[in-house]
Every structure is written in structure tokens, then in C-alpha cells.
Amino acid sequence: MKLLKKLSHPGSGWALGFRSENKWIKTFNGLIKFNGKKVKSDTLFDLASLTKVVGTLPACFVLMKEGSLKLDKTINYYISNAGWFKNPSLGNVEIHNLLTHTSGLPAWKPLFAISNEPTVLHANVLQTEISNQGKRLYSDLGWIILGHIVERITNTSLDQFIYENLLNPLGMKRTFFNPISHNEKLNCVVTEDCGWRKKLLQGIVHDENAFAFGGVAGHAGLFSNLDDMMIYMESWLNNLETIGLQNQAIKVNHYFQSFNGLPAYGLGWRTFPSLEFSGAGNIEGSLGHTGYTGTSLWMNIDNQQSIILLNNRVYPSRLHTCNSINEFRKKIHQHIFCLLYTSPSPRDGLLS
């Protein structure tokens, strides 16, 4: 058990939870920042791109359930001026293409260098040129659009809609956007020493584009802790039945084989055989996702297993830590699978 804590890791600290035999085991290592408080189960981490599957995806599921969002409708069904005068046009892309990263949108663009006005930023994204539609290319831009569509359909801010329809019903009391507004700054791990924001980021979203949107966007911005993420992953192991979204959740894998090429994505989640970050967990039937700040989620619903890793690998700088976080994730998964399949039964509670 102690071997887990000896693993070298980027950033200053991490929180880990894994599920075995209907029990969650959790352990922690490191500090919120150098010479700071120890990481605990209620310490808040910047989820980065896990926002896509923790917030925006279930928000879309709610709208799918009520029939106001349909996977085979095009973007211009919801936003008539998307892709104006473009050929091919973003407006003709269907919603499922955004969810499976097959829209033809580029991975990213520096929106934060254009404006900090959401109206201007949304307009810019919606006029983005697309190419190679149907080919898998992971795109933040597609999920920015999904968040915008959720707001347009509901006439509610994305953060409020996610709170009312997911976080509150599940009892995830310390998962939110903009933790400073919830007086939670000092409970957040620090992320990067940001040059253009001229400060060490603590309680401020690391993702530059999400920051430009005011901290709330479909692709990034959520903060959470290990306790809340265990609640969330437990709900996924039951296909979101606890919040009435089981019919939508079981569709995730149905879209996996709809398009050629790797990496493989279902609706939102990355799927086998493209879970290389999970090492021994890259097995058929598994789903997962990673976040740029060092976070990752993995689950296998058939085996009722899940692994949550929260980490701040961008502290104090993102430079030179991309490969190390990938190796750290693989080692974590490998050690956990060794525990699961070679030990009689991991004891409940904290790992020693």
C-alpha cells in the first residue's frame, strides 16, 4: 500500500480514489502548494477537461431526455448563423459530431488573445472553418459550442443548469465553477504561475479560454474534490440511474464505431482501445477521460471498478511535465490493478 505514496509525481500533490468490491479506497500525497497544507479528500482541484464529462455531457443528457436536444440535428438548427458563408459549414455539423470529436473543428485556438467578452468569443468559435469532418480530432471548440447550445436552449447559465440538474441532485456540494466566488480559494491546490495573468493561480481556472469566458465554459472550468468525484463516478457505475439519465448514459458506447480512426470516443468519453493513459486499464468495456491539469477518470461499468486521480501537474509550470503525468497515471493504474487482483481484499478507509 505504501508503494503508491512513493511514486514520483508532477505538481505538488494528488488525491486518489479507486473502487473495489463495492468500497471506495482513497489516499493522498503532497501539499496544496510548497510549504502549504496537506492534500485531503475535500481539497479542490481544477478539473480542466474533465468538465466535459462531469458537467457538459450530463447537461446535454438532460436536454436529450426532454427532447430539446437531438443528436441528429445540426448546429444551425439551434444557432442559425453558425458557419455563415462557409463551405463546408460548421452549421451543417450534427450534435453527435461535437460529442464524439468528429466535427472537423480544430483542437483549439487562442480565444483568450482575442477578447474576454463571451458574445465575441462565441461568435468567433461559431465562424471557425472545419475540415476532414468525420475524422476524430479532439476539440475543445466543439464543447464550447455544446455549452453555448445548452445555455441557448435553457435560457440559463451553464453553471446554474449543471448545478440544478446534476450537482445538487447528486449531493455534490463542493463542485462548482469559480471557487473564489464560493469563498473556497484557500482550499484549492495551486496550478501554474501564469505570466500573462501575472500571478500564481489558486482558485482561478487554469485554462486560458475558460478564463476568458469568465471561468464558465463547456470544455473547462469546474473544480471538485475527491469526495464529490467518488459520488459522480458511483453514479456512472449505475449508468446515471440515480438522476434518471440511464437511457442516455447507455448510448455512450453506441457511437464508438460510427466513425473511423483513433483516438476512439463514444459520447464524450474516450473508449478502448484509446485509454493508453490508464495502462493496465486499457481494456475493452472501459471509459475514461483526462484533464490538462493532471486529472483523470477511468471506469469499467461491467466490472464495477473506477479510478479517480486528481493532480496539479502544471504547478509551478506546465513545461516538461506532460510526459511525466502520463507515466504517473500509468503507474497509478498498474499498482491499483496489482492490488485488486493479487491482494485478498483492500481494506476499507485510507491507504497506509
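Residues numbered from 1 in each chain as written. Predicted model: local features only at pLDDT ≥ 70, side-chain atom pairs only at ≥ 80, totals over all residues. Heavy atoms only, no water.

Draft legend 1. Main features of the pairing of strand β9 (residues 286-290). Across the five residues that make up β9, a large majority, four, are buried. By the bridge criterion, two bridges tie strand β8 (residues 270-271) to β9 in an arrangement that is antiparallel. Considered in β9, the bridge of Arg 270 is made with Gly 288. Sheet topology note: the β9/strand β10 (residues 296-300) ladder contains five bridges and is antiparallel. When the sheet's bridge partners are listed, Thr 290 is paired in β10 with Ser 296. Linkage of β9 to β10, two consecutive antiparallel strands, is achieved through a turn of five residues, within which Gly 294 is found at a positive phi near 120 degrees. (Buried < 20%, exposed > 50% of the residue type's maximum accessible area, 1.4 Å probe, protein only. Helix = DSSP H or I, 4+ residues; strand = E, 2+ residues; numbered from the N terminus. Pairing = 2+ DSSP bridges.)

Draft legend 2. Examining the packing of aromatic side chains more closely. Tallying each qualifying case throughout the model produces eleven aromatic pairs. Ring centres 6.3 Å apart and planes at 55 degrees place the aromatic pair Phe 61 and Trp 236 in the tilted group. Separated by 175 residues along the polypeptide, Phe 61 in helix α2 (residues 50-66) and Trp 236 in helix α9 (residues 226-237) bring together distant segments of the chain. The exposure class of Trp 236 is buried, given its relative accessible area of 0%. Between Tyr 77 and Tyr 78 the ring centres are 4.9 Å apart and the planes differ by 80 degrees, which places this aromatic pair in the edge-to-face class. Tyr 77 sits in the exposed class, given a relative accessible area of 52%. A residue is classified by how much of its surface remains accessible, and Tyr 78, at 10% relative accessible area, is buried. (Phe/Tyr/Trp six-rings, centres within 6.5 Å; stacked < 30°, edge-to-face > 60°.)

Draft legend 3. Seen up close, unusual backbone geometry. Looking along the chain, the bond that leaves Asn 87 and enters Pro 88 is cis, with omega of 0 degrees. In this fold, Pro 88 is placed in the loop between α3 (75-78) and α4 (95-99). Here Tyr 315 and Pro 316 are connected by a cis peptide whose omega angle stands at -5 degrees. Inspection of the secondary structure assignment puts Pro 316 in the loop between β11 (305-311) and α11 (322-342). Unusually for a residue other than glycine, Asn 155 sits at a positive phi of about 55 degrees. With respect to the element layout, Asn 155 can be found in the loop between α6 (140-154) and α7 (158-170).

Draft legend 4. Focus on the nonpolar core. Core analysis: the largest hydrophobic core is formed by 82 residues, its most contacted members being Phe 61, Ile 75, Ile 95, Trp 236 and Trp 269. The element best represented in this core is α2, accounting for ten residues. The residues contacting Ile 95, other than those within four sequence positions of it, are Leu 69, Lys 70, Leu 71, Lys 73, Ile 75, Tyr 78, Leu 146 and Ile 149. (Core = buried A, V, L, I, M, F, W, Y, C linked by side-chain atoms within 4.5 Å. Contact = heavy atoms within 4.5 Å.)

Draft legend 5. Spatial organisation of the pairing of strand β5 (residues 190-194). Burial of β5 is extensive: four of the five residues sit out of reach of the surface. Across three bridges, β5 lies against strand β6 (residues 199-202) in antiparallel orientation. Bridging from a neighbouring strand, Cys 194 pairs with Lys 199 of β6. Between β5 and β6, which pair antiparallel and follow one another directly, the connecting turn spans four residues, one of which, Lys 198, has a positive phi of 60 degrees.

Draft legend 6. Focus on the environment of Gly 171. Its location among the elements puts Gly 171 in the loop between α7 and β4 (176-177). What makes Gly 171 partly exposed here is its relative accessible area of 29%. Separated by 137 residues in the primary sequence, Gly 171 and Ile 308 place their C-alpha atoms 18 Å from one another. Setting aside anything within four residues of it in sequence, one finds Gly 171 in contact with Asp 228 and Ile 231.

Draft legend 7. Structural view of the pattern of salt bridges. A complete count under the given rule lists nine salt bridges for this structure. The partner of Glu 192 in a salt bridge is Arg 318, with the nearest N and O atoms 2.8 Å apart. Of this pair, Glu 192 sits in strand β5 while Arg 318 sits in the loop between β11 and α11, and the two are 126 residues apart along the sequence. By relative accessible area, Glu 192 is classed as buried at 8%. A salt bridge links Arg 318 to Glu 208, with the nearest nitrogen and oxygen atoms 2.7 Å apart. Of this pair, Arg 318 sits in the loop between β11 and α11 while Glu 208 is found in helix α8 (residues 208-212), placing the two residues 110 residues apart along the sequence. The class for Glu 208 is buried, based on a relative accessible area of 12%. (Salt bridge = Lys/Arg side-chain N within 4 Å of Asp/Glu carboxyl O.)

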